Each structure stands twice: as C-alpha cells, then as structure tokens.
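One letter stands for each residue in the lines below.
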Amino acid sequence: MLNERVKNVLQYLAWLVFFLFLLYAGTVAVVAKAAKPYSQQKEKVAKLVKQTSMKQIDKYYHLSWSVKSYSASGKTSKGKAAYFIYLPGKHKAYYYSASDGVSESTVKSSFQKSYPKKAIKEVNLGWYQKQAVWEVTAVNADGSYCYAIYKFKDGQLLSLVDKL
C-alpha cells in the first residue's frame, strides 16, 4: 500500500515537472519571437550605419509614436558624436552630426530643470511629426508616467503627456 502511494506521488511529480518544463519552454519561445523584430531592426540599423561616417555605435534607441523608428548614437572616426535614425515603414534613413542638434544629456538636463519632481526612466531618439526628436520617459511621485518630446534640432519641447 505504501509503495503504491509513493509510486503515485512520484508519477504525479514527474508529470508536474514535465508540464512546468513545457510551460517554461513555451514562454521562452514566445519571448524570443516577440523580441525578434527589434533585434532584426537593430541589425538593420547597424548595417546602415556602416554606410555613414559613424564608425562606433554607443547606444540603440526605439521610438514608436506615429512612425516606428530605430536609432543609434555613436562616434565618427574622428571621435565626433553622430546620430542615425531609420524609419523601416518608409525605408528612409537620416544621419545627423552632433552639431545638427542637441544631445541626450542636454535634453535630460533641460527636462530635470523644468520638472525636478519627475524621475527620468529612459530617453529615446526617434521620429515624430516629420522630424528627429528626443523622447523622455519619466515617472511621477504617484507612480504615473510622463512623456516629453523635444525637437532634436534645438531642444524645444514639442509635446508633454502627463499622468498616464
């Protein structure tokens, strides 16, 4: 009787482990499939950047408002900052030297001065209203989100969406 009970418990545990493994494998497959478009676009940006004077990529960005954009910031062979924005839906790409606009750190600083009680979570370079922009994502004290969009060209605030 005891051996039969132990056998049943072990069989139950084996099935449980099997189903947990299937659940884990399925989750990994779904996450990998979901991340694939981003990694493919990142590879595309890296390939396109090679055709510019940018020789080193320091950071990748992704922005998806009215137009999806994948971007990169880096340095030229002379060590100067440069930016690259690719619009996959329109098959267009834009290259900017640092002197064409403001830097990520300038936008962060401007945002912090204007909104000192908001904590910046991330800054992304992308495309909005037919121009290069910086998007600042921040969190309010109450946990709600805030999004600010600044023009790349001059750092002026284009849009602020708060309390989301």
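Residues numbered from 1 in each chain as written. Predicted model: local features only at pLDDT ≥ 70, side-chain atom pairs only at ≥ 80, totals over all residues. Heavy atoms only, no water.

What follows is about the pairing of strand S7 (residues 145–151). In terms of strand pairing, strand S6 (residues 131–139) meets S7 through seven bridges, oriented antiparallel. Within S7, the residue paired with valine 139 across the bridge is tyrosine 145. Between the antiparallel neighbours S6 and S7 lie five residues, among them glycine 143 with a positive phi of about 90°. Sheet analysis places S7 next to strand S8 (residues 157–161), joined by four bridges and oriented antiparallel. Following the sheet pairing, tyrosine 147 is matched in S8 by valine 161. Hairpin connection between S7 and S8: a loop of five residues separates the two successive antiparallel strands, and glycine 155 in this loop has a positive phi of roughly 80°. (Pairing = 2+ DSSP bridges. Helix = DSSP H or I, 4+ residues; strand = E, 2+ residues; numbered from the N terminus.)

On to the nonpolar core, then. Nonpolar side chains in soluble globular proteins tend to end up buried together. Ranked by size, the top nonpolar core spans 21 residues in total, and within it Phe111, Trp134 and Tyr150 carry the most contacts. When residues of this core are traced back to their parent elements, those giving at least two are strand S3 (81–87), helix H2 (104–114), strand S5 (119–128), S6 and S7. Examining the composition of this core, we find that four residues originate from one element, S6, more than from any other. Counting residues in each nonpolar core, the second largest holds nine residues, with Leu48, Met54, Ala82 and Tyr86 among its members. (Core = buried A, V, L, I, M, F, W, Y, C linked by side-chain atoms within 4.5 Å. Buried < 20%, exposed > 50% of the residue type's maximum accessible area, 1.4 Å probe, protein only.)

Along the chain, alanine 148 turns up in strand S7. Sequence separation between alanine 148 and glutamine 51 is 97 residues; the distance between their C-alpha atoms is 31 Å. When near neighbours in sequence (up to four residues on either side) are disregarded, alanine 148 contacts Phe111, Trp134, Glu135, Val136, Leu157, Ser159 and Leu160. (Contact = heavy atoms within 4.5 Å.)

A few words now on the sheet that holds S5. Sheet architecture is open: four strands sit in the order S5-S6-S7-S8, paired in antiparallel fashion. The open sheet terminates on both sides in strands that have one partner only, identified here as S5 and S8. Between one strand axis and the next, the sheet turns by 20° as a mean value, whatever way the strands run. (Axes fitted to C-alpha atoms, helices over the stretch in contact; angles between N-to-C directions.)

The next subject is the pairing of S6. In terms of burial, S6 is a largely internal element, eight of the nine residues being buried. Adjacent in sequence and paired antiparallel, S5 and S6 are bridged by two residues, among which glutamine 129 carries a positive phi angle near 50°.

Okay, the side chain of threonine 137 next. Checked against the element boundaries, threonine 137 lands in strand S6. Setting aside anything within four residues of it in sequence, one finds threonine 137 in contact with Ala119, Ile120, Lys121, Glu122, Tyr145, Cys146 and Tyr147.

Our focus in this paragraph is a nonpolar patch on the surface. Nonpolar side chains collect at one region of the surface, where Val6, Val9, Leu10, Tyr12, Leu13, Leu16, Leu20 and Leu23 lie side by side and expose about 770 Å² of accessible area between them. Along the polypeptide, tyrosine 12 turns up in helix H1 (residues 2–49). (Patch = residues over 30% accessible without salt bridge, like charges linked within 9 Å, V, L, I, M, F, W, Y side chains within 5 Å. Areas by Shrake-Rupley, 256 points an atom, 1.4 Å probe, with all protein chains shown as cover. Salt bridge = Lys/Arg side-chain N within 4 Å of Asp/Glu carboxyl O.)

Further remarks concern the sheet that holds S3. Strand order in the open sheet formed by four strands is S1-S2-S3-S4, and the pairing between neighbours is antiparallel. Two strands lie at the open edges of the sheet, namely strand S1 (54–64) and strand S4 (92–97), each paired on one side alone. Taken over all neighbouring pairs, the strand axes of this sheet differ in orientation by 20° on average, direction set aside. In terms of strand pairing, S3 meets S4 through six bridges, oriented antiparallel.

Moving on to the environment of glutamate 135. Looking at where glutamate 135 falls in the secondary structure, it is placed in strand S6. Taking C-alpha positions, glutamate 135 is 22 Å from lysine 44, a pair spaced 91 residues apart along the chain. Setting aside residues no more than four positions away along its own chain, glutamate 135 makes contact with Leu63, Trp65, Glu122, Val123, Asn124, Tyr147, Ala148 and Ile149.

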